[in-house]
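So you can see what is in the structure, the chains are spelled out below.
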Amino acid sequence: YKDKHHFPNQIRITGVMRGQVRQKLPVEAESLLHLKIKLASSSQRNPFQPNEIGFATVIDGYSRICDGENAERILQLMKGRLGGGDTANGANVVAYNAAISAWARSASRAEGDISKSKSAAEKAEQLLREMWSLQREQNNDSIANQILPDVVSYSSVISAYASCLDRSFGLKRAEELLSELEGLAEKECNESTHHVNQQQNQPSKSRGGGRHPDGFQLNSTVYNALLQAYANAGVTSSAEDLLDRMISLHSRSLKEGGGGPFKNVRPNTRTFNVVLNTWAKRGTREAGAKANELLLKMEEMSAVYRDRISQPDIISYNTVLSAWSKSAGYGGQAPSDTKEIVGEEAAYKALELLDRIERQSYRIKPDRISYSTTIAAFANAAQTCESGILMAQKADALISRMRDRIGVEPDDYSFNGVLLAWSRTSGGMSSARHCESILRSMRNPTNVSWSTVINAYTHAGGALEAAGLLKEMEDRARDSARHQSSNHASNTLSIVVYNNVIHAWSRNADPDASKYAEAILKRLESGSSSLNLPKPDVISYRLVLNAIEHSKDPNKAERAKSVLDRFIASIPAVSDPNTINTKLKENMQGSYNSVLASCAYTPSNAGNQARNNAARILVETLRDLNNSKDVTLGPNQESFSIFIQGCTHLFRSGSSDRALLIRSGLQECCEKGFLTAKIWDKFCNASSEEDVQSFLSGIEKNDGSFAALPCDWSRNVAP
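Everything numeric in this text was worked out from a predicted model, so none of it was measured.

Let us look at the overall build of the protein. When helices and strands are counted, the protein shows 31 helices and zero strands. Contacts in the protein between residues far apart in sequence, at least 24 positions, make up 69% of those at least 6 positions apart.

Glancing now at the pattern of salt bridges. Under the definition given, this model contains 33 salt bridges. With its nearest N and O atoms 2.3 Å apart, the salt bridge here joins Asp355 to Arg401. Taken together, the positions of Asp355 in helix 15 (residues 343-359) and Arg401 in helix 17 (residues 388-406) put the pair 46 residues apart, joining distant regions of the chain. The exposure class of Asp355 is partly exposed, given its relative accessible area of 25%. Arg440 is paired through a salt bridge with Glu472; the nearest N and O atoms lie 2.5 Å apart. Of this pair, Arg440 sits in helix 19 (residues 428-441) while Glu472 sits in helix 21 (residues 463-483); the two residues are 32 residues apart in sequence, bridging distant segments of the chain. What makes Arg440 partly exposed here is its relative accessible area of 42%. Given a relative accessible area of 27%, Glu472 falls into the partly exposed group. Residues joined by salt bridges that share partners form a network here, namely Glu125, Arg129, Lys172, Arg173, Glu176 and Glu180.

Here we come to the packing of aromatic side chains. One pass over the structure, following the stated rule, counts eleven aromatic pairs. Judged by centre distance (5.6 Å) and plane angle (85°), the ring pair of Tyr348 and Phe378 falls under edge-to-face. A residue pair is termed long-range when its members are at least 10 positions apart, and Tyr348 in helix 15 and Phe378 in helix 16 (residues 368-382) qualify at 30 residues. Note on Phe378: relative accessible area 0%, which makes it buried. Between Trp505 and Tyr516, the aromatic rings sit 4.6 Å apart at their centres with planes inclined by 50°, giving tilted as the arrangement. One end of the pair, Trp505, is in helix 22 (residues 495-506); the other, Tyr516, is in helix 23 (residues 513-526), and eleven residues separate them in sequence.

Here we take up helix 25 (residues 556-570). Its 15 residues give helix 25 an end-to-end C-alpha distance of 21 Å, which sits within 8% of 21 Å, the value for a rise of 1.5 Å per residue. For helix 25, the set of buried residues is Lys556, Ala557, Arg559, Ala560, Lys561, Val563, Leu564 and Phe567.

On to the nonpolar core, then. Ile59, Leu218, Tyr223, Leu666, Leu675 and Trp680 are the most contacted members of the largest nonpolar core, which has 195 residues in total. In terms of residues, this core owes the most to one element, helix 5 (residues 93-108), which gives ten residues. When residues no more than four places from it in sequence are discounted, the contact partners of Leu675 are Leu666, Cys669, Cys670, Trp680, Phe706, Leu709, Trp713, Ser714 and Val717.

Another point: unusual backbone geometry. Of note, Lys24 is a non-glycine position whose phi angle comes to about 60°, a positive value. Mapped onto the elements, Lys24 comes out in the loop between helix 1 (10-22) and helix 2 (26-42). Phi is positive for Glu111, which is not a glycine, with a value near 55°. When you line up the elements, Glu111 lands in the loop between helix 5 and helix 6 (114-139).

Note on placement: Ser414 falls in helix 18 (residues 412-423). For Ser414, a relative accessible area of 0% corresponds to the buried category. Here Ser414 is in contact with Arg368, Ser372, Ile375, Ile399 and Met402, once residues within four sequence places are set aside.

Looking now at the side chain of Ser551. Checked against the element boundaries, Ser551 lands in the loop between helix 24 (538-549) and helix 25. Among the polar contacts made by the side chain of Ser551, one reaches the main-chain carbonyl oxygen of Ile548 at a distance of 2.7 Å. Excluding anything up to four places from it in sequence, Ser551 contacts Ser514 and Lys556.

For helix 2, which comprises 17 residues, the first-to-last C-alpha distance of 25 Å matches the rise-based estimate of 24 Å (1.5 Å per residue) to within 8%. All of the buried residues in helix 2 are Pro26, Ala29, Glu30, Leu32, Leu33, Lys36, Ile37 and Ala40. Buried residues of helix 2, viewed axially, fall in a sector of 160°; they line one side. The exposed residues of helix 2 that point more than 90 degrees off its buried face are Val27, Lys38, Ser41 and Ser42. Looking at the buried residues of helix 2, the elements they touch are helix 1, helix 3 (52-64) and helix 4 (68-79).

What follows concerns the confidence of the model for the protein. Predicted confidence across the protein gives a mean pLDDT of 87, with 89% of residues reaching 70 or more. Confidence drops under a pLDDT of 50 for residues 140-145, and excluding neighbours within four residues, the segment shows nine contacts in the predicted structure. Considering only residues more than four positions removed or in separate chains, one finds that residues 486-490, a stretch of pLDDT under 50, has five contacts.

Before going further, it helps to examine the packing of helix 29 (residues 656-671) against helix 31 (residues 689-696). The contact between helix 29 and helix 31 brings their axes to 12 Å, and the two run at 30°. Our classification of the angle between helix 29 and helix 31 gives roughly parallel. In this structure, the crossing between helix 29 and helix 31 has a hand that is right-handed. From helix 29, Ala659, Arg663, Leu666, Gln667 and Cys670 reach across to helix 31, where they touch Asp691, Ser694 and Phe695.

Once that is clear, we can look at the environment of Glu299. Mapped onto the elements of the fold, Glu299 is located in helix 13 (residues 287-305). Ignoring anything within four residues of it in the chain, the contact list for Glu299 reads Pro312, Tyr317, Arg356 and Gln360. Within polar-contact distance, the side chain of Glu299 engages the side chain of Arg356 at 2.9 Å.

The next subject is the environment of Gly260. Turning to its location among the elements, Gly260 is positioned in the loop between helix 11 (236-255) and helix 12 (269-282). For the pair Gly260 and Gln217, spaced 43 residues apart in the sequence, the C-alpha separation amounts to 8.6 Å. Those residues in contact with Gly260, other than ones at most four positions away along the chain, are Cys189 and Gln217.

What counts, and at which threshold
Residues numbered from 1 in each chain as written. Predicted model: local features only at pLDDT ≥ 70, side-chain atom pairs only at ≥ 80, totals over all residues. Heavy atoms only, no water. Helix = DSSP H or I, 4+ residues; strand = E, 2+ residues; numbered from the N terminus. Contact = heavy atoms within 4.5 Å. Salt bridge = Lys/Arg side-chain N within 4 Å of Asp/Glu carboxyl O. Buried < 20%, exposed > 50% of the residue type's maximum accessible area, 1.4 Å probe, protein only. Phe/Tyr/Trp six-rings, centres within 6.5 Å; stacked < 30°, edge-to-face > 60°. Expected span 1.5 Å × (residues − 1). Core = buried A, V, L, I, M, F, W, Y, C linked by side-chain atoms within 4.5 Å. Polar contact = N/O pair within 3.5 Å; in protein donor to acceptor, adjacent residues only side chain to side chain. Arc of directions from axis to C-beta. pLDDT = per-residue confidence, 0-100. Axes fitted to C-alpha atoms, helices over the stretch in contact; angles between N-to-C directions. Parallel < 35°, antiparallel > 145°, perpendicular 65-115°, else oblique. Left-handed = near helix turned anticlockwise from the far one by under 90°.

Structure, rendered in structure tokens:
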């Protein structure tokens, strides 16, 4: 090249590498690094001799894509080039910190793999300890390198453990490392030894270059990482303790003239917001009061120091509103010896805070989230207090207030909060119809909007209206499917919507209500060519069985058995039935009991064939429940109670079949330890005195009362 200005040089190549790293292309940056190494090997005076900036840039590139393994690989390559007295290629603090950061980011991006997350955090700490070991080796003159960790090194490792998926382990190590760093900061500040001064005054060519100018001096960022971990884990007490510790350390620094090792440890707005969010996420009864108390402390601290470092922002206020909305969802009176504020009072506290934000419009303005969260507070209070309609009216009024005060149009979340408030009132069909009127006024109601109104009609007993809205939803989904992909999210109807309509029919007095409920279930089972229908879930089957059980259909036993068989068939096959989760087993147990109840309460005027079928299904269902492959699934006290009731109702009084079945059912009930006073009374009422005495034969000092029966017969009775 005759024009040296266009000839590639160290600075230009490094600039290209940095650009590649910013675009998250570390592999391309590494290829340039290897090219420089190859060119440098041809001549000691080669202008492309790779320096520490080039290595650190590539390590930083892998850090940005959370690749700890490759970041450490480049660090090892950098360390390995210490020979020949060429100090320009050695590792430095910046390179170590970048590699530690890579492992820290890997710990938080382990995609649910706890062991992988824990391993990444431990490898980050290993590099930190390696930096200390290099420092000790230097004292023994083994190497000439000086690599002393700094606040960035510790902050990254603390962040690694704080984000570790093994939360208990990660939080413990993060706390220990923070204490270690605090001790180092005090030691470095108080002793100011000649060695530390020499370390900090190294010229830029030293491999110790790049150490943070504050050394071990802590700052708010270090504490915020641990606070965020407490927030994610919902450990509010630890988060508040750490915040108080920060405030105490800052106060101590001020007393020492504003200096010392903790002069930068002052809670900022983000610090307070993280702790506020801990209470909002926890959502307990005291969440609103606790968050509000913290907000007042934040405002007081900002006023004292007369700056904006810890001044509340709109996120702070919205987070406290969220905490109030969670507390509003709890009912009952708060104990007098606590600071709890719940229910309706919590909702009004949210409204008071919104008023206060509006009055500060010169500094900060409420946004759509502020109003929507306050609406949510009244929606939550509507289900816990007697004045549910008043709560819904308050939520409704906030829609207009949002438009008038800040000129912002409410979004779906805002309207859905109002819909939820009206659906939770005890206003019956009047509230449900008002809900629907709001739905009709929305420009683009979501599936949640429709589902909420359907739920309102469900609780108001409006099964016909709920079914009509469901049909309208399906028609809208078909229209949408004609213009979009059939897999588009807007075409997917939630199973919750269908379950709400099934539930509405299960509560309806219409003689054919159970048939309408079952018809919906069958549609879900068979699917649709024009709609992306959801598959029925456990709740769908339970609701239909409940509807059939409470109907007066003479053939309800056969219908219930058919639904049960389809439900069992829908459960994915497992190699070991005992591995089925507890919740599913409870629903299976309840489903069997619903079939038993459908048989037991078959109408007396059902006719001989229907009653004979019910009797047969009653016996078969108890047998199937007994013969389940899952040893933990079997009849319970309710099953035996219904079975004896069914035998009494379906078999002719005095018949040998009735006596035999009732006796065998009771015998099995006693063997399994499920006998209750109710079951014993049913047996005694359905059996002759001779049969009762025959059953008690062999039992000494028994007067026939339940209290005198062996305790072992009731050992498994649920309280």
